[in-house]
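Inside the fold
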Amino acid sequence: QVRLVESGGGLVQAGGSLRLSCAASGVTFSTYTMGWFRQAPGKRREFVGAVDRGRAFTKYADSVKGRFTILRDKAKNTVVLLMDSLKPEDTAVYYCAASRNGLEDSDYQERYDYWGQGTQVTVSS
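Below, the structure is looked at part by part.

Parameters at a glance
- Residues numbered from 1 in each chain as written.
- Predicted model: local features only at pLDDT ≥ 70, side-chain atom pairs only at ≥ 80, totals over all residues.
- Heavy atoms only, no water.
- Disulfide = S-S within 2.5 Å.
- Helix = DSSP H or I, 4+ residues; strand = E, 2+ residues; numbered from the N terminus.
- Buried < 20%, exposed > 50% of the residue type's maximum accessible area, 1.4 Å probe, protein only.

Summed over the entire model, instances satisfying the criterion amount to 1 disulfide. With a sulfur-sulfur separation of 2.0 Å, C22 is cross-linked through a disulfide to C96. One quick way to see it: the torsion about the S-S bond of C22 and C96 is about 45°, and its sign makes the bridge right-handed. Placement of C22 in strand 3 (residues 18-25) and of C96 in strand 9 (residues 92-99) is noted, with a sequence separation of 74 residues between them. Pair check on accessibility: C22 and C96 agree, each one buried.

If you want it as structure tokens, here you go:
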């Protein structure tokens, strides 16, 4: 059974940092592109970033580029989203997802095979 479990969300002040983790089980971790998405209240879920299956190449949405970093820990079957210089507009439920497709398709939600349950991130002004 495939499971993706996010953790690390919470409340932080603007300008602060948070670290989200996504632990994967039931999948051959190294064969999946791992992505992060977020959904703010009243808005559509949007792409945040992704890390390639093998070479650890990454891709980010323009809105988070330079502030967020995605790391893959193959030994722990975990992908981490490091978020710095957080802004109130970063407030959302953050989801991790796993895709058998490559990084070039990682910003398309329909390309993902498995999703986590989400973790809330709230940035106060």
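Moving on from the model shown.
With that out of the way, let us pick up the environment of D105. Within the fold, D105 resides in the loop between strand 9 and strand 10 (114-115). Note: C-alpha distance between D105 and T31 (74 residues apart in sequence) is 15 Å.

None of the figures reported here should be taken as evidence of function without further support.
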